[in-house]
Amino acid sequence: MFDFPAPVPPEEVLCLDDPQSGLSGVIVIHSTALGPAAGGCRFHRYASDADAVADALRLAEGMSYKNALAGLPLGGGKAVIRMPDAPFDRAALFRAFGRAVASLGGRYVTAEDVGTSVADMQCVADSTRHVAGLPAAPGAPGGDPSPWTALGVLRSMEVAVERHLGASLADVTVAVQGLGHVGFALCELLHDAGARLFVAEPRIEVAAEAARRFGARVMESDELLEASAEVFAPCALGGVINAASVRRLGASVVCGAANNQLATPAEGDALLARGILYAPDYVVNAGGIINVAAEHLGWSVDEARARVEATGARLAAVLDHAAAERIAPHRAADRLARAAIARAHRQRVLAA
Ligand code: NAD
């Protein structure tokens, strides 16, 4: 099947190479059709330059789609920095990265991602103002995006459970995999909404805390997958829905915060074939990037909250499109995102 419109190729790739600080990696600007390309900076050990570039290309495209479907005036991009093998000065490395971001003149806006911290972004901010994820000013958006991500997942889950099961969160059991920044906050919201909880988390003291505070039943991660909960909420790892696990899933709704939950798009089709509703990850988990956008674009906390609260409505639109086109939700989300980017690109070309 030809999934129209076709994938959008990246606009720009900037190699990062500063031997003095040890900076080595790449910034990919996937699309600026909707606005400056926004997406975090990943700091990770890669086996080769080719692996780092491939990761950046994939992640930058994902950010374009996430930002487009979140209705943000932002395109998509990503930076990937290779962790040096030799000892290095972390502050100097991130200042050098900041200079590279500055050289793009605002076409790319960076923030934290896997392996980077607020302190790193403060070093980046020494060289450029095109950085978010800095400590929040009192009464302004910014700071830890996780509570916002958890709120968006909650609103999405309400919609998914209502549509697929005709139920409310108070009627269901949710299996939450991973009680980190997002997962734990989500458990709190779900508990307040009256849901029963099954949880899996390798840090046993955190799992015990969820049992104590929310009455959650603690399970092994593998057992959780097959548990008889109505909803499975992946909030830990990517690729958790793979060829092996897709057959074992006990839930009839998958809705969680983890990025790249489907190992391949085929698993999304397999979920549909099994009658399981998959709420596409990048639609559901956009609360964090909305908070980052609010910080960078100077929106109020109320504006940020309203946009995060609307995550459920955005998921509903994706599910409507999937139903109308008789395709799986993850394919519907990709199509809508590509169409939004193509539309914005056309308008920009016509206006030039
Ligand atoms: P985190 O590192 O704080 O939490 C991950 C948790 O998963 C940790 O507590 C870890 O111990 C646990 N874990 C690891 N392996 C596990 C396993 N096999 N079974 C169960 N638990 C396991 O990360 P986070 O910020 O909470 O993010 C969670 C996921 O959501 C990630 O995939 C992240 O990319 C995605 N995400 C996060 C945000 C955000 O705002 N933080 C936004 C969008 C997407």
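Model, not experiment: these values are computed from the prediction.

Criteria and thresholds
- Residues numbered from 1 in each chain as written.
- Predicted model: local features only at pLDDT ≥ 70, side-chain atom pairs only at ≥ 80, totals over all residues.
- Heavy atoms only, no water.
- Helix = DSSP H or I, 4+ residues; strand = E, 2+ residues; numbered from the N terminus.
- Expected span 1.5 Å × (residues − 1).
- Buried < 20%, exposed > 50% of the residue type's maximum accessible area, 1.4 Å probe, protein only.
- Polar contact = N/O pair within 3.5 Å; in protein donor to acceptor, adjacent residues only side chain to side chain.
- Arc of directions from axis to C-beta.
- Near = heavy atom within 4 Å.
- Areas by Shrake-Rupley, 256 points an atom, 1.4 Å probe, with all protein chains shown as cover.

(A) Looking closely at helix H2 (residues 90-103). The end-to-end C-alpha separation of H2 is 20 Å, in line with the 20 Å expected for 14 residues at 1.5 Å each. Within the span of H2, buried status applies to Leu93, Phe94, Ala96, Phe97, Gly98, Ala100 and Val101. Looking at where H2 begins, the residue whose side-chain oxygen comes 3.1 Å from the main-chain nitrogen of alanine 91 is aspartate 89. Immediately beyond the C-terminal end of H2, within one or two residues, lies glycine 105, with a positive phi of roughly 60°.

(B) Fine view of helix H6 (residues 204-214). Looking at H6, one finds that the buried residues are Val206, Ala207, Ala210 and Phe214. Along the long axis of H6, the arc covered by the buried residues comes to 100°, so they all point the same way. Along H6, the residues that are exposed and aim more than 90 degrees away from the buried face are Ile204, Glu205 and Arg212. Two residues or fewer past H6, glycine 215 is found with a positive phi of approximately 65°.

(C) Structural detail: the site of the ligand. With respect to spatial proximity, 21 residues lie near the ligand, and among them Thr149, His181, Val182, Glu201 and Ser221 are the closest. Within the backbone of valine 182, a nitrogen or oxygen atom sits 2.8 Å from an oxygen atom of the ligand. At 3.0 Å, a side-chain N or O of asparagine 259 approaches an oxygen atom of the ligand. Here the ligand has 830 Å² of accessible area as a free molecule, and 72% of this is covered by the chains. Elements that contribute at least two residues to the shell around the ligand include exactly helix H4 (146-165) and helix H5 (181-192).

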